[in-house]
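Here is what each chain is made of, one letter per residue.
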Amino acid sequence: KLVYLDSGATSQKPLSVIEAESNFYKFTNAAVHRGAHQLAEEATDAYEGARLKVANFLGAKEEEIVFTKNATESLNLVAYAMGNAQPGSRFALTSKDQIVVTEMEHHANLIPWQQLAARTGAELKWFEVTPEGRLDLSAINSIITENTKVVALTHQSNVLGTVIPLAQIAKRARDVGAIFILDACQSVPHMPVNVKALDIDFLVFSGHKTVGPTGVGVLWGRANLLSLLPPFLFGGSMIETVTMTTATWAPAPRKFEAGVPNMAQAVGLGAALDYLTNIGMINVHDHEVSLTQYLIEKLQQVPELKIVGPTNIDARGGTVSFTVGEIHPHDLGQYVDSQGVAVRTGHHCAWPLTRKLGVPATTRASLYLYNDESDCDALFDAILGAQKYFA
């Protein structure tokens, strides 16, 4: 039996998703938004129908959903578009401005803002992480200041499983007029998320972590902000008018979807969200919370095992990272793989965080709706076996 405990990296796909993508190619394949023939109209209906499903899943408006190739591109879209903004606009940054992130960011939500700061002269600031794996908000008013232009944070850490105290940070960002961007890659697949309730400006997630296909991501943005944000990529489908020397842009979201989009993948994502909706996101979340508590309690029985991150399930998701004595995480990962258990090892694209926590790497088990207690037991047994093997 294969025990798959790496859903934080990518999720497995239900048959309905695979069939939706396959059926698009078999029965509906045509370039969307471009043809007057029936097949093109059917393809466009399927693609735009997927956009509506994403909007409903997030509690958003249809015109606020932009399809990208993944969440990394969604974050880069916002960062590069802000870098293209005209001086004096809502999105333009100068050396007087500040960008705020956290020490627990995935590289995808750190490096774009590093680079934007470097290009504009803005100052990059961050919230630190406590030894328990929580955000230190004690200096929130001196980190998010009147000069803060952007706050870009993860919703749930892909290493620690920590769910950030979003309401407090969002309120402070709103008080100073900062734009708030939320990396929801580790939250949208695992808990109910409603953008209207979060008091944020932009949100991103990836289809492949949400039982959907690879090659499709989502950027949600407030309609008024998307209308003001400059384009990220240029070409076909995103224009309104073109001459040899000038061009004007189509309204959002098409303004941000240059070229033929990932049509079949968007349709597959729609099927994935149907699948999750039929189960119920609160049921997915409750299952993971229960299973995470079971896994943590099992791991705490292993001699020399240290959980890196919160050991309680308050404001916590189903990602558990750990070290085991002097066994290198890569060696541990290879051994448990030989026992049929798939986990992740390394710095998990969060190098600053692992450095802060004083570990070169960790082993990470990430749970999802298709895991059960027997999977946790298999990991437990494999770790005990590794300790004997490397003794």
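Definitions and limits used
Residues numbered from 1 in each chain as written. Predicted model: local features only at pLDDT ≥ 70, side-chain atom pairs only at ≥ 80, totals over all residues. Heavy atoms only, no water. Helix = DSSP H or I, 4+ residues; strand = E, 2+ residues; numbered from the N terminus. Rg over C-alpha atoms; globule rule 2.2 N^0.38 Å. Buried < 20%, exposed > 50% of the residue type's maximum accessible area, 1.4 Å probe, protein only. Contact = heavy atoms within 4.5 Å. Areas by Shrake-Rupley, 256 points an atom, 1.4 Å probe, with all protein chains shown as cover. Core = buried A, V, L, I, M, F, W, Y, C linked by side-chain atoms within 4.5 Å. Pairing = 2+ DSSP bridges. 1 Å grid on protein atoms, 1.4 Å probe; cavity = no way out; pocket = protein on both sides within 12 Å on 5 of 7 lines; lining within 4 Å. Points joined across faces, edges and corners; volume = space filled by probe spheres on them. Nonpolar A, V, L, I, M, F, W, Y, C, P; charged D, E, K, R; others polar. Arc of directions from axis to C-beta. Axes fitted to C-alpha atoms, helices over the stretch in contact; angles between N-to-C directions. Parallel < 35°, antiparallel > 145°, perpendicular 65-115°, else oblique. Left-handed = near helix turned anticlockwise from the far one by under 90°.

Moving on, we get to the overall build of the protein. A count of helical and extended segments in the protein gives 13 helices and 15 strands. Relative to the globule expectation of 21 Å for 391 residues, the C-alpha radius of gyration of the protein, 22 Å, shows essentially globular dimensions. Its C-alpha atoms put the protein at 70 × 55 × 35 Å along the principal axes. Of all 391 residues assigned to the protein, the portion counted as buried reaches 57%. For the protein, long-range pairs separated by at least 24 residues make up 71% of all intrachain contacts whose partners lie at least 6 apart in sequence. A total of about 16,400 Å² of accessible surface is found on the protein, and carbon and sulfur atoms cover 53% of it.

This part takes up the nonpolar core. Side chains that are nonpolar tend, in soluble globular proteins, to be buried together. Leu58, Ile169, Phe180 and Leu203 are the most contacted members of the largest nonpolar core, which has 68 residues in total. By residue number, the principal contributor to this core is helix H9 (residues 263-279), which donates nine residues. Residues in contact with Leu203, not counting those within four places in the same chain, are Leu58, Leu182, Ala184, Val188, Val193, Val195, Leu198, Val218, Leu219 and Trp220. One finds Val66, Leu93, Ala152 and Leu229 within the second-largest nonpolar core, a separate group that totals 33 residues.

Moving on: the pairing of strand E7 (residues 202-206). Within E7, five of the five residues are buried, which leaves the element mostly enclosed by the surrounding structure. Side chains of E7 alternate between two faces, with Phe202, Val204 and Ser206 and Leu203 and Phe205 buried alike. Direction of pairing for strand E6 (residues 179-183) relative to E7: parallel, over a ladder of three bridges. Looking at the pairing, Leu182 lines up with Leu203 of E7.

Before going further, it helps to examine the layout of surface pockets. Considered as a void within the structure, the largest pocket measures approximately 290 Å³ in volume. Around the largest pocket, the lining comprises 19 residues; the ones closest to its centre are Gly8, His106, Asn158, Gln186 and Lys209. What the second largest pocket holds in volume is close to 190 Å³. Tallied by class, the residues present in the lining of the second largest pocket amount to ten nonpolar, two polar and three charged.

Another point: helix H6 (residues 166-176). Side chains of residues three or four places apart in an α-helix project in the same direction, reflecting 3.6 residues per turn. Those residues of H6 that fall on the buried side of the exposure criterion are Leu166, Ile169, Ala170, Arg172, Ala173 and Val176. Taken end-on, H6 shows its buried residues confined to a sector of 160°, consistent with a single buried face. Among the exposed residues of H6, those pointing more than 90 degrees away from its buried face are Ala167 and Lys171. The elements touched by buried residues of H6 are strand E4 (123-127), helix H5 (140-143), strand E5 (148-154), E6 and helix H7 (195-198). Trailing H6 by a residue or two, Gly177 shows a phi angle of about 80°, which is positive.

Let us look at the sheet that holds strand E14 (residues 344-346). Taken together, the four strands give an open sheet; going across it, the order is E11-E12-E15-E14, and neighbouring strands pair in antiparallel fashion. In the strand order of this sheet, the two ends are held by strand E11 (305-308) and E14, each with one partner. Within the sheet, the average angular offset between the axes of one strand and its neighbour, ignoring direction, is 30°. In this structure, strand E12 (residues 319-324) lies alongside strand E15 (residues 362-366), joined through four bridges in antiparallel fashion. Bridging across to E15, Thr319 finds its partner in Ser366. Sheet strands in contact with helix H10 (residues 281-299) are E11, E12 and E15, and its direction is about 5° off that of E12.

Before going further, it helps to spend a moment on empty space enclosed by the protein. A probe matching the size of a water molecule, rolled over the atoms, marks out where space remains unfilled. For the structure shown, the criterion picks out one cavity of 30 Å³ or more. Roughly 40 Å³ of internal volume is contained in the largest cavity. Every residue along the wall of the largest cavity is listed here: Gln156, His190, Met191, His285, Glu288, Val289, Thr292, Arg316, Gly317 and Gly318. Tallied by class, the residues present in the lining of the largest cavity amount to two nonpolar, six polar and two charged.

Pairing is mixed across the open sheet formed by seven strands, whose spatial order is E2-E8-E7-E6-E5-E3-E4. Taken across any chain shown, the strands that pair with only one partner, and hence form the sheet edges, are strand E2 (65-68) and E4. Within the sheet, the average angular offset between the axes of one strand and its neighbour, ignoring direction, is 20°. Taken together, the five bridges between E7 and strand E8 (residues 217-221) define a ladder with antiparallel strand orientation. Bridge pairing links Ser206 to Gly217 in E8.

Another aspect to go through is the environment of Ala108. In this structure, Ala108 sits in the loop between strand E3 (98-102) and helix H4 (111-120). Residues Ala108 and Cys349, spaced 241 residues apart in sequence, show a C-alpha to C-alpha distance of 8.1 Å. Here Ala108 is in contact with Thr72 and Leu75, once residues within four sequence places are set aside.

In the contact formed by helix H1 (residues 15-28) and helix H2 (residues 38-58), the axes pass within 10 Å of each other and the chain directions differ by 160°. One way to sum up the angle between H1 and H2 is to call them roughly antiparallel. Along this stretch, H1 crosses H2, giving a crossing that reads as right-handed. Taking contact as the criterion, the partners of Phe24, Phe27 and Thr28 in H1 are, on H2, Leu39, Glu42, Ala43 and Ala46. Class assignment of the residues belonging to the contact of H1 with H2 gives a composition of five nonpolar, one polar and one charged.

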